[in-house]
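# Structure assessment
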Amino acid sequence: MARILVTGGTGYIGSHTVVELMEQGYDVTIVDNLSNSSVDVLDGIAAIVNRKPKFANIDCSNFVDLDNVFRQFPDIVGVIHFAASKAVNESVEKPLLYYRNNLGSLCTLLEVMKLHNVSNLVFSSSCTVYGQPDEAHLPVDETAPIQKALSPYGNTKQINEEIINDEAHADKNLKATILRYFNPIGAHPSALIGELPNGVPQNLLPYITQTAAGIRPILKVFGNDYNTPDGSCIRDYIYVVDLAKAHVKAIDHMLHAKDRGQVEVFNLGTGTGLSVLTLIKEFEAATGIKLPYTIVGRREGDIEQVWAEPRKANEVLGWKADTPIQDVLASAWKWEKHIRNIK
Ligand code: UFG
């Protein structure tokens with residue numbers, strides 16, 4: 001069976017994708033420097049799929065180390081590149097770290113792939129590239145204009161997309177699939193893998209589950225004076241397992257579709273926008289927990305509302321994010337209880 005190299009494969013989206021790849025029969029080699037994840041994730045993956053993925057603790061921006069991995073696994077047919085620094089606030093404070101990590105690792109990866117004649121790349125991008133789409137572009141599809149990034153992190157996603165396009169222009173053998181994620185949430189239904197945020201969570205759902213677990217006293221809702229039905233911001237929350245499955249479809253499509261383009265871009269979302277206040281209500285309904293929250297001022301840099309038009313991925317990849325939101329929220333709560341030993 002074909003082997004897929006997954007960079008950042010012990011991270012949140014990476015680990016869920018490794019599970020889905022292995023369940024579909026792919027062999028997997030993970031490279032990860034464990035800068036924002038734990039080696040124990042490998043045990044979680046093995047407990048779900050009954051075999052361990054291969055693992056190399058390396059930084060994928062190190063040419064020699066990455067080259068060694070490709071030498072060791074000559075059966076690699078494709079790469080899914082998750083490895084990246086991803087904290088928006090930190091990127092504002094340490095832009096050089098973000099440019100070096102996120103741009104350098106992709107350049108090194110493309111060089112090493114070429115050296116080993118591996119021509120299939122799936123790249124983790126983000127709906128952040130669209131900024132705030134105007135009303136005519138909501139829901140946002142892949143043809144919507146790219147807007148100036150609001151953070152160095154967002155800029156690295158945009159520049160990485162350009163790097164891929166430029167390299168594909170220069171090297172006609174390279175095939176790439178750029179996946180623009182909306183807001184991934186939830187955990188594997190087994191609660192054996194999930195999201196492990198470092199310190200105080202920046203993202204909404206880990207903050208909600210930590211508040212429900214009593215680790216945070218109260219959830220702060222950033223603004224209720226936006227131009228939305230209830231005044232809070234709207235996002236397209238996509239179940240991480242549905243998102244992971246899209247990567248398997250993307251790899252299948254790259255390896256087998258006869259008519260694919262050289263670089264293809266897909267939005268990965270549900271097609272439905274939910275407000276922060278709606279998500280809180282859905283969480284309460286899914287778990288039976290009353291969540292303490294308070295409305296505070298807007299968070300700088302927040303986009304008012306964005307949700308996906310996922311039709312292209314639905315039609316071309318034969319994939320749909322269709323897990324009901326309450327199941328998704330229940331999975332996040334099950335995971336939080338698991339890691340906190342709550343009954
Ligand atoms: N929010 C709160 N309280 C919190 C945390 C978040 O009200 O404690 C709100 C935010 O204001 C926003 C919504 O919840 O309206 C979602 O916020 P997240 O931080 O979970 O997600 P974002 O959409 O802001 O950011 C995500 C990723 C980024 C990425 C961005 C755009 O975390 O990496 O989408 O793709 F850049």
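The shown structure was predicted, so the numbers you read here are calculated from the model rather than taken from an experiment.

### Considerations on unusual backbone geometry
Cis geometry is found at the peptide bond from Leu138 to Pro139, where omega equals -5°. Locating Pro139 in the fold gives a position in the loop between β5 (120-126) and α6 (152-170). The residue Asn50 is not glycine, and still its phi comes out positive at about 65°. Topologically, Asn50 is positioned in the loop between α2 (41-49) and β3 (54-56).

### Describing the packing of helix α3 (residues 63-72) against helix α5 (residues 95-115)
In contact at an axis separation of 10 Å, α3 and α5 are set at 40° when each is read in the N-to-C sense. When the axes of α3 and α5 are compared, the crossing they make is right-handed. Residue-level inspection shows Phe63, Leu66, Asp67 and Phe70 of α3 in contact with α5, the latter providing Thr108, Leu109, Glu111, Val112, Met113 and Leu115. Among the residues making up the contact of α3 with α5, the classes are represented as seven nonpolar, one polar and two charged.

### A word on the domain arrangement of the chain
Along its sequence, the chain is organised into domain 1 (3-185 + 238-268) and domain 2 (204-235 + 271-308 + 322-340). On a C-alpha basis, the centroid separation for the pair domain 1 and domain 2 is 26 Å. Contact with domain 1, which involves 13 residues of that partner, is made by 15 residues of domain 2. Both faces combined, the contact of domain 1 with domain 2 buries some 1,300 Å², and carbon together with sulfur accounts for 70% of it.

### Considering the sheet that holds β3
In a beta sheet, neighbouring strands are held together by backbone hydrogen bonds and run either parallel or antiparallel to one another. With parallel pairing, seven strands are arranged side by side in an open sheet as β3-β2-β1-β4-β5-β6-β11. Looking at the sheet topology across the chains shown, the edges are occupied by β3 and β11 (263-268). Sheet twist, expressed as the mean angle between neighbouring strand axes with direction ignored, is 20°. With five bridges joining them, strand β1 (residues 3-7) and strand β2 (residues 27-31) adopt parallel strand pairing. In the strand pairing of β2, Arg3 is matched with Asp27. Running over the sheet, helix α8 (residues 240-256) touches β1, β4 (76-81), β5, β6 (175-181) and β11 and is turned about 160° from β6.

### Concerning the side chain of Gln158
Among the secondary structure elements, Gln158 is positioned in helix α6. In this structure, Gln158 is in contact with Val129, Ile146, Gln147, Lys148 and Ala149, ignoring residues within four places of it in sequence.

### Concerning the environment of Ile208
On the secondary structure map, Ile208 appears in helix α7 (residues 204-212). Sequence-distant contacts of Ile208, defined by excluding residues within four places in its chain, comprise Leu219, Leu279, Ile280, Phe283 and Leu291.

### Things to note about the site of the ligand
Around the ligand, the structure places 20 residues, and the nearest of them are Ser126, Asn203, Lys220, Arg235 and Asp302. Note that an oxygen atom of the ligand is positioned 2.9 Å from one of the side-chain N or O atoms of Asn183. The separation between an oxygen atom of the ligand and a polar side-chain atom of Asp302 is 2.5 Å. Relative to its unbound accessible area of 690 Å², the ligand is 87% covered by the protein chains. Broken down by secondary-structure element, the contributors of at least two residues to the shell around the ligand are α7 and β8 (219-222). Here the shell around the ligand gets four residues from one element, more than from any other, and that element is β8. Of the residues in the shell around the ligand, the class split is eleven nonpolar, five polar and four charged. Counting the residues that make up the shell around the ligand, at least three belong to each of domain 1 (3-185 + 238-268) and domain 2 (204-235 + 271-308 + 322-340).

### A few points about the nonpolar core
Grouped together as the largest cluster of nonpolar side chains are 62 residues, with contacts concentrated most on Ile45, Ile208, Leu268 and Leu279. Looking at this core, the element that brings in the most residues is α8, giving eight residues. A domain split of this core shows at least three residues from each of domain 1 (3-185 + 238-268) and domain 2 (204-235 + 271-308 + 322-340). Setting aside residues up to four positions removed in sequence, Ile45 forms contacts with Gly9, Ser15, Val18, Val19, Met22, Ile30, Arg51, Pro53 and Ile193. Counting residues in each nonpolar core, the second largest holds 27 residues, with Ala56, Leu109, Met113 and Ala176 among its members.

### Regarding the environment of Phe222
By secondary structure assignment, the location of Phe222 is in strand β8. Sequence separation between Phe222 and Leu204 is 18 residues, and the spatial gap between their C-alpha atoms is 10.0 Å. Residues in contact with Phe222, not counting those within four places in the same chain, are Val296, Gly297, Arg298, Arg299 and Asp302.

### Let's talk about α6
Since the α-helix packs 3.6 residues into each turn, any two residues three or four apart lie on the same face. With 19 residues, α6 should cover 27 Å at 1.5 Å per step; its first-to-last C-alpha distance of 26 Å lies within 8% of that length. Those residues of α6 not exposed but buried are Pro152, Tyr153, Gly154, Thr156, Lys157, Gln158, Asn160, Glu161, Ile163, Ile164 and Ala168. Among the structural elements, α4 (88-93), α5, β5, β6 and β11 are those in contact with the buried residues of α6.

### Structural notes on the pattern of salt bridges
This model, assessed by the stated rule, comprises 14 salt bridges. Here Arg71 makes a salt bridge to Asp67, at a shortest N to O gap of 2.7 Å. Taken together, the positions of Arg71 and Asp67, both in helix α3 and four residues apart, correspond to about one turn of that helix. The class of Arg71 is exposed, set by a relative accessible area of 54%. Here Lys94 and Glu90 are joined by a salt bridge, their closest N and O atoms 3.7 Å apart. On the accessibility criterion, Lys94 (41% relative accessible area) is partly exposed. The network of salt bridges with common partners includes Arg235, Arg299 and Asp302.

Basis of the calculations
- Residues numbered from 1 in each chain as written.
- Predicted model: local features only at pLDDT ≥ 70, side-chain atom pairs only at ≥ 80, totals over all residues.
- Heavy atoms only, no water.
- Helix = DSSP H or I, 4+ residues; strand = E, 2+ residues; numbered from the N terminus.
- Axes fitted to C-alpha atoms, helices over the stretch in contact; angles between N-to-C directions.
- Left-handed = near helix turned anticlockwise from the far one by under 90°.
- Contact = heavy atoms within 4.5 Å.
- Nonpolar A, V, L, I, M, F, W, Y, C, P; charged D, E, K, R; others polar.
- Domains from an automatic or database assignment.
- Buried area = accessible area lost by both parts, 1.4 Å probe.
- Pairing = 2+ DSSP bridges.
- Near = heavy atom within 4 Å.
- Polar contact = N/O pair within 3.5 Å; in protein donor to acceptor, adjacent residues only side chain to side chain.
- Areas by Shrake-Rupley, 256 points an atom, 1.4 Å probe, with all protein chains shown as cover.
- Core = buried A, V, L, I, M, F, W, Y, C linked by side-chain atoms within 4.5 Å.
- Buried < 20%, exposed > 50% of the residue type's maximum accessible area, 1.4 Å probe, protein only.
- Expected span 1.5 Å × (residues − 1).
- Salt bridge = Lys/Arg side-chain N within 4 Å of Asp/Glu carboxyl O.

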